[in-house]
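Coordinates in review
Take a look at the letters that make up each chain.
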Amino acid sequence: MNSEIVELSNGRRWQVYTGGEGPDILWLHGLRGVDLADPVLAALQKSYRITAPVAPGFNDLDELARIDNIHELALDYDDLLDRLGLAGFSMIGHSFGAMIAAEIAAHFPGRAERMVLLAPFGLWNDVYPVADIFAMPYTQMDDILWHDQPARERFAPKVVPSSDPKEAAAQMVKLAGSLTAVTKFVWPIPDRGLRRRLSRIACPTLVLFGAEDKVVSPRYADDFRAGLRHGETEIVPGAGHMLPYEKTTRVLELTERFLEATPLPVA
Amino acid sequence: MKFHFFHLMPYPELPSDFRETNRSVWVDVPSKLFDPAVGHRAYNDYLDELEYAAEIGFDGICVNEHHQNAYGLMPSPNLMAAALARRTSGVKLILMGNSVALYNPPTRVAEEMAMLDVMSGGRLVAGFPVGTPMDTTYCYGQSPAILREKYREGVDLILRAWTEPEVFSFNGKYTQLRYVNIWPRPMQKPRPPVWVPGGASVETWDLCLDNDFLYANLSYFGYQEGQKILDLFWQQVEKRKMPKNPYRAGFLQFIAVAEDDAEAERLYAEPALYFYRRCLHVYPGYVNPPGYMSMATIKAGIEGQVSRITNRAGARAEMATLSWKDLVERGYLVAGSPATVADRINDMADKLNVGHLMTLLHFGNMSKETTLYNTRMFAEKVIPRLRSRFSEWDDNWFPREAPVQADAPSLKREPVPAK
């Protein structure tokens, strides 16, 4: 994918990846930034034009200084979409990125035509609380993110406790930086009121969860469906929180069928 | 040199297999382990010990704030300081302190500290820690991404609330107040001295030096480890071409005084191991949430910082295996006869250049009797050997003597006759 720096009128600079040809998709990455090795992201570029911005704070935490809450974050994405001139597009988000996608759609219901949420953060249910991925050593986080071990072997970034202090520091800065950006919007509980806004979302929405997701329980599919006006849900067997990596074919099949076949609601 | 008696107030009856059967002493420590009767006795013993230290000649007595843990039973150190204010005179009350970002609005901190300063007749030292990650981010739910910014804003508000003579409005990012006008106002003018207990952080040092706060390093790993951090602090002081006044810095040290080494081991080994094995048993997942350590700190001294943290994590894991001998040899504890202890503290004063020594003479499950013995030995046989250290410097970070007028009624201790 190509990477460019886009500057908004408010002075904020965004790194944006683009790639592929076809109808537009806005891709909102998960916990570890835009991952060019993500097999779903790679496959979609065969039939779609993907635009994948790097979420504020992931490259530089100072970017968050002017974004105090989820509403200002949604506004920033709205400015970015204006600047990119994207219209008539679909949104796909994974994990933290799916929470952002849902918030963009709730704040600006006219923006996206269709939306796919993969293992979205954003809701809270006392009966099946979202796991606290920040209350564990970084090196153990992958244990609950992944279910499929071969996929984990292949795709999870190797966190090797390095004896080289320079390398250890670089690893830590990268991990701590992106996760810090996430904590601004999900700490201590990943609920910023999305449940009250779900009904504002105008576009048809497909919510996918891995059946074995130990971070956000697949039972949240019910909560999303209950709040969305045009929501459908699907549980993907054999996948955890990292379902695009773990059950790539199934996720692609469900996503493409939804994007191509779902009729738009009558205005 | 000044000497302070610091109490952590640990829960004294954790089971001997605590480490093996529980994940953490902090955040999610099981409530079934807390017996209120044990807590009742502990609080009263601990207050007695602090009062004893005040009577026997310590300059200050220190209390601090922690939440949801068996390591220290003081969610509100202000309550302890209030109790001590009424039962002591002369000694300074070092409140080490209130984690400013946890209070909404932070003027609550300004108010309570002003109350303590007025009640005590101007004896308060006001501590402003950021707070441990366990306390602030896990127990009190603050996002590590904003914790420091919120803390800084709160400190700014408190200082203004103490010192500005007129009602003012405060339009902060985290606190908006139309009318700031606290009552009472602190007795000390322009404000009580401020101490900032902290680890190794560039921001903390800048905050202290910008505002003339004392920097206190609270370490459980002794002064050899502490020297690495104090060296970095004094480098910052030198960079600003400020005098290296030792009273600008404080350091915490475990101390165990006895007639000789053998008696020290007999009296203090068990409580020391209780502390290092049980009280420090914190689940590693609660120690370093993303964002707690600031990017500026990581970027500033990147390799050194990281290796230090790695080493410390290693030290924590290793804690269970350390013996009394290891603890003493590594200097985590300064232990032995009064002459030995005085020598070591002299060495510490040379190497760290700290004018304020916070002594931990109670630790772990030490009995009251042993604590009073340790406290008396230190006060009578160690302090006199060290008292004149740094006497060439002015201490501008401590309450002045006797700010209260002689006829202040609150200092009378006689019972009021019944009518």
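What comes next concerns the included structure. (Residues numbered from 1 in each chain as written. Chains lettered and ligands numbered in written order. Predicted model: local features only at pLDDT ≥ 70, side-chain atom pairs only at ≥ 80, totals over all residues. Heavy atoms only, no water.)

Considerations on the overall build of chain B
Counting its regular elements, chain B contains 14 helices and eleven strands. For chain B, the C-alpha radius of gyration of 21 Å lies close to 22 Å, the compact-globule estimate for 419 residues. With respect to the three principal axes, the spread of C-alpha positions in chain B is 60 × 60 × 50 Å. Restricting to contacts in chain B with at least 6 residues of sequence separation, those with at least 24 account for 78%. Taken as a whole, chain B presents about 17,200 Å² of accessible surface, with 51% of it coming from carbon and sulfur. (Helix = DSSP H or I, 4+ residues; strand = E, 2+ residues; numbered from the N terminus. Rg over C-alpha atoms; globule rule 2.2 N^0.38 Å. Contact = heavy atoms within 4.5 Å. Areas by Shrake-Rupley, 256 points an atom, 1.4 Å probe, with all protein chains shown as cover.)

Details of the pairing of strand β9 (residues 249–257) of chain B
Residue and element names in this part refer to chain B. Counting buried residues along β9, nine of its nine residues qualify, which places the element largely inside the surrounding structure. Neither face of β9 is open: one carries A249, F251, Q253, I255 and V257, the other G250, L252, F254 and A256, and all of them are buried. The pairing of strand β8 (residues 214–217) with β9 spans three bridges and is parallel. In the strand pairing of β9, A216 is matched with G250. Relative to strand β11 (residues 356–360), β9 is paired through five bridges, and the arrangement is parallel. Bridge pairing in β11 links F251 to L357. Sheet topology note: the β9/strand β10 (residues 333–336) ladder contains four bridges and is parallel. Each bridged residue has a counterpart across the sheet, and for I255 the counterpart in β10 is V334. (Buried < 20%, exposed > 50% of the residue type's maximum accessible area, 1.4 Å probe, protein only. Pairing = 2+ DSSP bridges.)

Remarks on helix α8 (residues 222–239) of chain B
Each α-helix turn comprises 3.6 residues. Residues three or four places apart therefore point the same way. Residues and elements named next belong to chain B. In a regular helix each residue adds 1.5 Å, so 18 residues correspond to 26 Å; α8 covers 26 Å between its end C-alpha atoms and thus fits that length. The axis of α8 is deflected most strongly, by about 30 degrees, at K228. Along α8, the residues classified as buried are G222, Y223, E225, G226, I229, L230, F233, W234, Q236 and V237. A positive phi of about 55 degrees marks K241, the residue just after α8. (Expected span 1.5 Å × (residues − 1). Bend = angle between axes of the 7 residues up to and from the residue.)

Details of the environment of L64 of chain A
Residue and element names in this part refer to chain A. Inspection of the secondary structure assignment puts L64 in the loop between β4 (49–53) and α2 (70–84). Taking the C-alpha atoms as reference points, L64 and A181, 117 residues apart in sequence, are found 7.4 Å from one another. Residues in contact with L64, not counting those within four places in the same chain, are P56, G57, A181, K184 and F185.

Quick word on the pattern of salt bridges
All names here are of chain B. For the structure on display, the rule yields 36 salt bridges over all chains. For the salt bridge of D395 with K2, the shortest nitrogen-to-oxygen distance reads 2.9 Å. One end of the pair, D395, is in the segment after α14 (368–386); the other, K2, is in strand β1 (residues 2–6), and 393 residues separate them in sequence. Both residues of the pair, D395 and K2, belong to the buried class. (Salt bridge = Lys/Arg side-chain N within 4 Å of Asp/Glu carboxyl O.)

As for the sheet that holds strand β8 (residues 231–236) of chain A
Residue and element names in this part refer to chain A. The strand order across the open sheet built from eight strands is β1-β2-β4-β3-β5-β6-β7-β8, with neighbouring strands paired in mixed fashion. Two strands close off the open sheet at either side, each with one partner strand: β1 (2–7) and β8. Along the sheet, successive strands turn relative to each other by an average axial angle of 20 degrees, direction set aside. Bridging between strand β5 (residues 89–94) and strand β6 (residues 112–118) involves six bridges; their strand directions are parallel. (Axes fitted to C-alpha atoms, helices over the stretch in contact; angles between N-to-C directions.)

Some details on the side chain of T233 of chain A
All names here are of chain A. Relative to the assigned elements, T233 resides in strand β8. One polar contact links T233 to R225, side chain to side chain, over a distance of 2.5 Å. Residues within four places of T233 in sequence aside, it is in contact with V207, A221 and R225. (Polar contact = N/O pair within 3.5 Å; in protein donor to acceptor, adjacent residues only side chain to side chain.)

Remarks on the packing of helix α6 (residues 147–163) of chain B against helix α7 (residues 202–211) of chain B
Residues and elements named next belong to chain B. At a minimum axis distance of 12 Å, the contact between α6 and α7 shows a crossing angle of 15 degrees. With respect to α7, the element α6 is oriented roughly parallel. The handedness of the crossing between α6 and α7 comes out as right-handed. In contact with R148, Y151, R152 and L159 of α6, α7 contributes E203, T204, L207 and N211. Looking at the contact of α6 with α7 residue by residue, the class counts come to three nonpolar, two polar and three charged. (Parallel < 35°, antiparallel > 145°, perpendicular 65-115°, else oblique. Left-handed = near helix turned anticlockwise from the far one by under 90°. Nonpolar A, V, L, I, M, F, W, Y, C, P; charged D, E, K, R; others polar.)

These figures come from the coordinates and say nothing about function on their own.
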